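Listed below, chain by chain, are the residues.
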Amino acid sequence: MSQVIQYERVGDIAVLASNNPPVNALGYDVRIGLVEGIERAEQDGAKAVLIYGEGRTFFAGADIREFGKPPKEPFLPDVCSRIEASHLIVVSSLHGTALGGGLEIALGSHYRIAVPSARVGLPEVLIGVMPGAGGTQRLPRLIGIDGSLDIITSGRQVGAKEALDLGILDKVAEGTPREIGLAYAQELLDSGAGRRPIRDMDAPAAVDFDALYEAVLKKSRGQLAPAVAVRGIQAACELPFDKGMKRERDLFMELMATDQRQGLIHAFFAERTVGKLPEIDGIAPRDLNALGVIGGGTMGAGIATSALLSGLNVTMLEMTPEAAAAAKGRIQKNLGGALKRGKISQDKYEDLTEKALSLTTSYDDLGDVDLVIEAVFEDMDVKKTVFTQLDAVCKPGAILASNTSYLNVDEIAAVTKRPQDVIGLHFFSPAHVMKLLEVVVADKTAPDVVATGFALGKKMGKVSVRAGVCDGFIGNRILSTYRTCADHMILDGASPYQIDVALEKFGFAMGPYAVADLAGLDIGWAVRKRKRAEGLDPAARDSTYADKICEDGHFGQKTGMGYYDYSAGPKSRVPNPQVIPLIEGDRDAQGISPREFTEDEIVRRYMASMVNEAAKVVGEGIALRPLDVDVTLLYGYGFPRYRGGPMKWADMVGLPELLADIQKWAKDDPYFWQAAPLLEQLVAEGRTFDDLNKEAS
Ligand code: T1G
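Note that the coordinates shown come from a computational prediction; the quantities given were computed from them, not determined experimentally. (Residues numbered from 1 in each chain as written. Predicted model: local features only at pLDDT ≥ 70, side-chain atom pairs only at ≥ 80, totals over all residues. Heavy atoms only, no water.)

**Student:** Tell me about the overall build of the chain, and name the residues and values.
**Tutor:** Summing up its helical and strand segments, the chain has 29 helices and 19 strands in all. Relative to the 2.2 N^0.38 estimate, which gives 26 Å for 697 residues, the radius of gyration of the chain is 28 Å and therefore close to what a compact globule would have. Each principal axis of the C-alpha atoms in the chain carries an extent, and together these give about 85 × 60 × 55 Å. Scored against the burial criterion, the 697 residues of the chain give a buried share of 56%. Summarising the internal contacts of the chain: among those between residues at least 6 apart in sequence, 73% fall at separations of at least 24. When the accessible surface of the chain is split by element, carbon and sulfur atoms take 53% of a total near 28400 Å². (Helix = DSSP H or I, 4+ residues; strand = E, 2+ residues; numbered from the N terminus. Rg over C-alpha atoms; globule rule 2.2 N^0.38 Å. Buried < 20%, exposed > 50% of the residue type's maximum accessible area, 1.4 Å probe, protein only. Contact = heavy atoms within 4.5 Å. Areas by Shrake-Rupley, 256 points an atom, 1.4 Å probe, with all protein chains shown as cover.)

Laid out in structure tokens, this is it:
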């Protein structure tokens, strides 16, 4: 008998309880245990069967760790069909998150009950596949096409109340899954209810599935799974059940073989591994109840908003009462958005803005905070002044963090008497929306301070990535390189508009120039001026057209004009007519004869520069593992998730091919195209970035 499915008789009811932590994933032992349990119940005279999960949740889906390995019978669709075929009444009792194969097990049952906090869903498209155990065949028969399309193509979770209203659940009741499941099964027996196989229900009438397929494909920006899942639902409407199941399986196996499935599964596990660091393993974070925020501009207000929503009290310091009032207004505006979207109640809004938040112009009011985040002007002297004052007023053990996006945290720590308590916490704008947090560890930062940085990130619902100290840490350093690569292609003949289109076809939500317009061209302008002031290597290519766009006062969306003309609205993609002449003038001044670029070459160069810089970042220890770079680019820079991140993408393209490109281009520009030593080493050893991830875990 299976070790993970416990069998028990309670009167006429056979109980199958799954105990496969952490999420009752439907691995081989669970599947074989369910089949054996059903057979045993039928042989020993039970009249009904109850299936539920011990621990935190009902089955949360197939065991994703088995993906890519040879499948082992009994396959999940066969387990669901075996449950459905039983001559006994089968009840599933749900709690936690009954997702994917978990919900499909419940749909193979004849009745479904849940506790009020239960959530159900078919999130397979989020990991690059589609329901493959009858979900696309049974759900449409149970709730119709519209609900099935929404749930299956979005992969969203559905709360118990909505699931009841849709007809996915038959009952919602207070109690433990076991209690409510036994009571419901007994009620069904007492009432003489019969079996109710969904496969015998009428399938919904077909609709224009070709149009639906195209619409879903367009919305998914190149990701295949949601659209292919539409074909599964189509099979439910057009084929007999068993043929529909076969069609679903074939479509599922097609998706299993795609790079997109590999990329999305990699992203799933990478975002869970990135917070696991040997240096903080077993290290307790410091207490974290009261937060200080210095500077109430866009970033400071966003950080304060995120902290308030996570349950922290916040003391915000500004220089003047007027600035403090303006900062409070920004926070109220941010929280007003959460109120409007129903994320918080009016009472909660008032509690956060009137009780949990306090504003001050005096450093003395920061004496009791556990952690302070400085979010003032990006100038080293200003930051040193702030940290000197914080060092003087904050209690011993208080953590002093800087939100700097590129300045040297070691240098900031050096002005304090507590360098071990200093860390970088680089949030991304808008800080109450963007999930990425770079936890920048300086030379003297104590391990429990690092652990506290990750604890704060988790509390704020962020995805935290450990970064070392360098100009731009992980994300901005790599961004600077691939943006430079794009600028070089413009000097050599490509247009910003062609580059944006090429990268949007690759899967980015926005190309680099549309992104620059959104962020503000003045930011890049300031970085270029700073780097020139620091002294550019004479071998580095430079350009002036982008500066000239800014000198004309065009900073992008915020001024209505940048690379694009926004007079027709923020979504406008009308090129600014002044840009091409400025580029042509720059080429002439540098004696460059422009050449044609294909979209393929644009992507290859752009991506090769991104991967090469990322390999330097990993090789220098700024990022712990290649997966840390993947998570950074996925969560902070709009990298298409179905490609897994730049390092996963590079492994799938092949590192030797990438290195060969870089070595070829180095002949024209040896300064920019200096191959990363780590990339050369991996190619020489026949290894991949994923090999490094495995070695580091
Ligand atoms: N398989 C294997 N491990 C899983 C898993 C799964 N399905 N789900 C979670 N884990 C691990 C996870 O890696 C982590 O491990 C631990 O459990 C806690 O997860 C045929 C084929 C369930 C909502 O897509 O959405 O069914 O890091 O940190 O935040 O149609 O996990 O502790 O070692 O995320 O509370 C469909 C994926 C599969 C659900 C819980 N199901 N999981 O979130 O904890 S495909 C899914 C989640 C399928 C069939 C198809 C979440 C969660 P570790 P966690 P959480």
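**Student:** Kindly report on the site of the ligand, identifying the contributing residues and their values.
**Tutor:** Every one of the 28 residues lining the ligand counts as a neighbour, but R56, E104, E124, R272 and K276 are closest to it. A distance of 2.4 Å separates an oxygen atom of the ligand from a polar side-chain atom of R56. The separation between a nitrogen atom of the ligand and a polar main-chain atom of A60 is 2.9 Å. Taken by itself the ligand offers 990 Å² of open surface, and the protein chains cover 76% of this. Secondary structure elements with two or more residues in the shell around the ligand: β5 (97–99), α3 (101–108) and α11 (259–273). Broken down by element, the shell around the ligand gets its largest block of residues, three residues, from α11. Partitioning the shell around the ligand into residue classes produces 16 nonpolar, five polar and seven charged. (Near = heavy atom within 4 Å. Polar contact = N/O pair within 3.5 Å; in protein donor to acceptor, adjacent residues only side chain to side chain. Nonpolar A, V, L, I, M, F, W, Y, C, P; charged D, E, K, R; others polar.)

**Student:** Could you give an account of the pairing of strand β6 (residues 111–114), with specific residues and numbers?
**Tutor:** Burial of the side chains of β6 extends over both faces: Y111 and I113 are buried on one face and R112 and A114 on the other. Sheet topology places β6 next to strand β9 (residues 171–172); two bridges connect them, and they run parallel. Within the sheet, the bridge partner assigned to A114 lies in β9 and is V172. (Pairing = 2+ DSSP bridges.)

**Student:** I'd like to hear about the packing of aromatic side chains, residue by residue, with values.
**Tutor:** A complete count under the given rule lists 16 aromatic pairs for this structure. Where W525 meets F555, the ring centres are 6.1 Å apart and the plane angle is 50 degrees; that geometry is what we call tilted. Remark: F555 occurs in the loop between α22 (545–551) and β18 (564–565) and W525 occurs in helix α21 (residues 521–534); sequence separation between them is 30 residues. For W525, a relative accessible area of 17% puts it in the buried group. When the ring centre of F268 is taken as reference, the NZ or CZ atom of R272 above it lies at 3.6 Å. We note K529 situated over the ring of W525; from NZ or CZ to the ring centre the distance is 3.7 Å. (Phe/Tyr/Trp six-rings, centres within 6.5 Å; stacked < 30°, edge-to-face > 60°. Lys NZ or Arg CZ within 6 Å of the ring centre and 35° of its normal.)

**Student:** An account of the environment of P197 is needed here, citing residue identities and associated values.
**Tutor:** Relative to the helices and strands, P197 resides in the loop between α7 (177–190) and α8 (209–219). Relative accessible area serves as the criterion here: at 9%, P197 is assigned to the buried category. Measuring from C-alpha to C-alpha, the distance between P197 and A675 comes to 61 Å, with 478 residues separating the pair along the chain. Dropping the residues within four chain positions of it, P197 is found in contact with E84 and H110.

**Student:** Please give an account of the pattern of salt bridges that cites residues and values.
**Tutor:** Applying the stated criterion across every chain yields a total of 50 salt bridges. Of the charged contacts in the structure, one is a salt bridge between D150 and R156, with a shortest N-O distance of 2.8 Å. Judged by relative accessible area, which is 28%, R156 ranks as partly exposed. The salt bridge involving K505 is made with E599; its shortest N-O contact spans 3.1 Å. With K505 in helix α19 (residues 496–506) and E599 in helix α24 (residues 599–619), this pair connects stretches of sequence that are 94 residues apart. The class for E599 is partly exposed, based on a relative accessible area of 30%. Three or more residues are tied together by salt bridges with common partners; here these are R528, R532, D542 and D547. (Salt bridge = Lys/Arg side-chain N within 4 Å of Asp/Glu carboxyl O.)

**Student:** So what about the side chain of K462? Which residues, and what values?
**Tutor:** Checked against the element boundaries, K462 lands in the loop between α17 (447–459) and β17 (463–467). It is E438 that comes nearest to the buried, bridge-free K462 among opposite-charge side chains, at 13 Å. With near-sequence residues (within four places) excluded, K462 lies in contact with S306, F427, A431, H432, M434, K435, L437 and G457. (Lys, Arg positive; Asp, Glu negative; His and termini not counted.)

**Student:** I'd like to hear about the pairing of strand β10 (residues 290–294), residue by residue, with values.
**Tutor:** Residues in a regular strand point their side chains to alternate faces of the sheet. The element β10 is largely enclosed, with a buried count of four among its five residues. As defined by bridge partners, β10 adjoins strand β11 (residues 313–317) across five bridges and the pair is classed as parallel. Each bridged residue has a counterpart across the sheet, and for G292 the counterpart in β11 is T315. With helix α12 (residues 298–309) bridging β10 and the parallel β11, this β-α-β connection has right-handed handedness. Summarising the sheet, β10 and strand β13 (residues 371–374) pair through four bridges and their orientation is parallel. Looking at the pairing, G292 lines up with V372 of β13. (Right-handed = clockwise from strand over helix to strand, strands pointing away.)

**Student:** So what's going on with the domain arrangement of the chain? Which residues, and what values?
**Tutor:** Considered domain by domain, the chain is made up of domain 1 (5–257), domain 2 (288–467) and domain 3 (475–511 + 530–541 + 587–696). Here domain 1 and domain 2 have C-alpha centroids that lie 44 Å from each other. (Domains from an automatic or database assignment.)

**Student:** Tell me about the sheet that holds strand β3 (residues 48–53), residues and numbers included.
**Tutor:** With respect to topology, six strands assemble into an open sheet ordered β1-β2-β3-β4-β6-β9, the strand pairing being mixed. The open sheet has two edge strands, β1 (5–10) and β9, and neither has a second partner. As paired elements, β3 and strand β4 (residues 89–94) share five bridges and run parallel to each other. By the bridge assignment, A48 is partnered in β4 with I89. Across the sheet, α7 lies against β1, β2 (13–18), β3, β4, β6 and β9, angled at about 150 degrees from β4, the strand it touches most. (Axes fitted to C-alpha atoms, helices over the stretch in contact; angles between N-to-C directions.)

**Student:** Got a sec to walk through α19? Specific residues and values, please.
**Tutor:** Turning to α19, its buried residues are P496, Y497, I499, D500, A502, L503 and F506. Where α19 terminates, the next one or two residues include G507, which has phi positive at roughly 130 degrees.

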